[in-house]
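Below, each chain spelled out in residue letters.
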Amino acid sequence: MTDQTATLEGALSIRAALDSGSREITRIQVAADADSPAMERILQIARRRDIPVHRVARDDLDATGTSHGGIVATVGPRRMLELADLTLGERPFVAMLDGVEDPYNFGQAVRSLYAAGADALVVRRRNWMSAAATVARASAGASERMTTAVVDDPAQAVAALRERGLRFACAHRRDATPLARADLTGSLFVVIGGERRGISRTLARDADVRLVIPYGRRFDPALDTTSAAAVIAFEVARQRANIRT
């Protein structure tokens, strides 16, 4: 395997990559004793697209890890957009995860954002190839399905998306509006920082709205990124659902 290839493990991740076209898939390996409707559907798609499929001993797949569920794909780099090429509809909800160091946490956060209806994800130009399998599995394939654009830094994304009419919101604990009191129904770009550093003070000061998640009791530590992303994403979804109804 070269630095231009990675593996995806499990039917959910591989099906997501097939459906979305997020990567070139060069080979699929399936355990000889594996059999399920979901896996058979993947193999049907692979055969139609002339993707090589190999039946192998389950022990051979275990070399990639123990969470493959009987199927592994060799894939190319994740296809990502430049921010300028991102297609946005009416009242888009775009999110950026910045400074998340654990690929499992990153994947879990993407899973919540995708499920809540985020239109696109923005990330720095960081190479996640070595963690592709972890991110995809933690996100239940959402990281492969989510439209994703790359930028050099969050400030670049803020400037570009503001020009396209999006308000900039960030998760921050000081001088912030309680989440449910903020109007999140319009075109929105939300930046959520990692657990260790959060986002910079300069970026927070520049926000159109700073969001704080109220706690139910006194508790000083900040929520982890996965929890914060889920709470914010589904508050956005709740407010937008109320508009539709």
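As the structure is a computational prediction, the values presented were derived from the model and not from experiment. (Residues numbered from 1 in each chain as written. Predicted model: local features only at pLDDT ≥ 70, side-chain atom pairs only at ≥ 80, totals over all residues. Heavy atoms only, no water.)

Colleague: Give a description of the sheet that holds strand S5 (residues 81–82) that names residues and reports values.
Modeller: The eight strands lie next to each other as S5-S8-S7-S6-S11-S9-S12-S10, forming an open sheet whose pairing is parallel. Sheet topology places S5 and strand S10 (177–178) at the edges, where each strand pairs with a single neighbour. Relative to the sheet, helix H4 (residues 103–116) contacts strand S6 (93–98) and strand S7 (120–124), its axis offset from that of S6 by approximately 170°. Lying on the sheet, helix H7 (residues 154–163) is in contact with S6, S7, strand S8 (148–151), strand S9 (167–171) and strand S11 (188–193); it crosses S6 at an angle near 170°. (Pairing = 2+ DSSP bridges. Helix = DSSP H or I, 4+ residues; strand = E, 2+ residues; numbered from the N terminus. Contact = heavy atoms within 4.5 Å. Axes fitted to C-alpha atoms, helices over the stretch in contact; angles between N-to-C directions.)

Colleague: Tell me what's going on with the side chain of Ser143, and back it up with residues and numbers.
Modeller: Mapped onto the fold, Ser143 is located in helix H6 (residues 142–145). On the basis of relative accessible area, Ser143 is assigned to the buried category, the value being 10%. Apart from the residues lying within four places of it in its own chain, the contact partners of Ser143 are Arg78, Val110, Val135 and Ala136. (Buried < 20%, exposed > 50% of the residue type's maximum accessible area, 1.4 Å probe, protein only.)

Colleague: Let's hear about the environment of Arg137: which residues, and what values?
Modeller: With respect to the element layout, Arg137 can be found in helix H5 (residues 132–138). Since its relative accessible area comes to 36%, Arg137 is described here as partly exposed. Placed 102 residues apart in sequence, Arg137 and Asp35 show a C-alpha to C-alpha distance of 20 Å. Those residues in contact with Arg137 that lie beyond four places of it in its chain are Glu9, Gly10, Ser13, Ser67, His68 and Arg111.

Colleague: Which residues make up the side chain of Arg78, and what values do they have?
Modeller: In this structure, Arg78 sits in the loop between strand S4 (71–75) and S5. For the buried Arg78, no salt bridge is present, and the opposite-charge side chain at shortest range is Glu144, 4.1 Å distant. For Arg78, the side chain forms a polar contact with the main-chain oxygen of Ser143, separated by 2.8 Å. In this structure the side chain of Arg78 is engaged in a polar contact, spanning 3.4 Å, whose partner is the side chain of Thr148. (Lys, Arg positive; Asp, Glu negative; His and termini not counted. Salt bridge = Lys/Arg side-chain N within 4 Å of Asp/Glu carboxyl O. Polar contact = N/O pair within 3.5 Å; in protein donor to acceptor, adjacent residues only side chain to side chain.)

Colleague: Can you tell me about the pattern of salt bridges, naming the residues and giving the values?
Modeller: Side-chain pairing between opposite charges can occur once the charged atoms of the two side chains come close. A complete count under the given rule lists 12 salt bridges for this structure. The shortest N-O distance in the salt bridge between Arg145 and Asp19 comes to 3.1 Å. Residue Arg145 is found in helix H6, and its partner Asp19 is found in helix H1 (residues 11–20); the two are separated by 126 residues along the sequence. Measuring nitrogen to oxygen at the nearest pair gives 2.8 Å for the salt bridge that ties Arg125 to Asp152. Pair noted here: Arg125 is in the loop between S7 and H5 and Asp152 is in the loop between S8 and H7, with a separation of 27 residues, a long-range link. Taken together, the shared-partner salt bridges connect Arg15, Asp19 and Arg145 into one network.

Colleague: Go over the nonpolar core, please, and point to the residues and values.
Modeller: Generally speaking, a soluble globular protein has its nonpolar side chains buried in company with each other. The biggest cluster of nonpolar side chains holds 32 residues, and the ones touching the most others in it are Phe93, Leu97, Phe106, Leu113, Leu121 and Leu211. When contributions to this core are tallied by element, the ones reaching two or more residues are S6, H4, S7, S11, strand S12 (209–212) and helix H9 (225–244). (Core = buried A, V, L, I, M, F, W, Y, C linked by side-chain atoms within 4.5 Å.)

Colleague: Explain the pairing of S4 to me, using residue names and the numbers behind them.
Modeller: Within S4, five of the five residues are buried, which leaves the element mostly enclosed by the surrounding structure. Every second residue of S4 is oriented toward a common face, with Ile71, Ala73 and Val75 on one face and Val72 and Thr74 on the other, all of them buried. Bridge count between strand S2 (residues 25–31) and S4: five bridges; the pairing is antiparallel. Residue pairing for S4: Ile25 is matched across the bridge by Val75.

Colleague: Which residues make up the sheet that holds strand S3 (residues 53–56), and what values do they have?
Modeller: Reading across the sheet, the four strands line up as S1-S4-S2-S3 and stay open at both edges, with mixed pairing between neighbours. The open sheet has two edge strands with one neighbour each: strand S1 (6–9) and S3. For this sheet, the mean angle separating the axes of adjacent strands, direction not counted, is 25°. Where S2 and S3 come together, four bridges link them in parallel fashion. Along S3, the bridge assignment pairs Ile28 with Val53.

Purely geometric stuff here, so don't read any function into it on its own.
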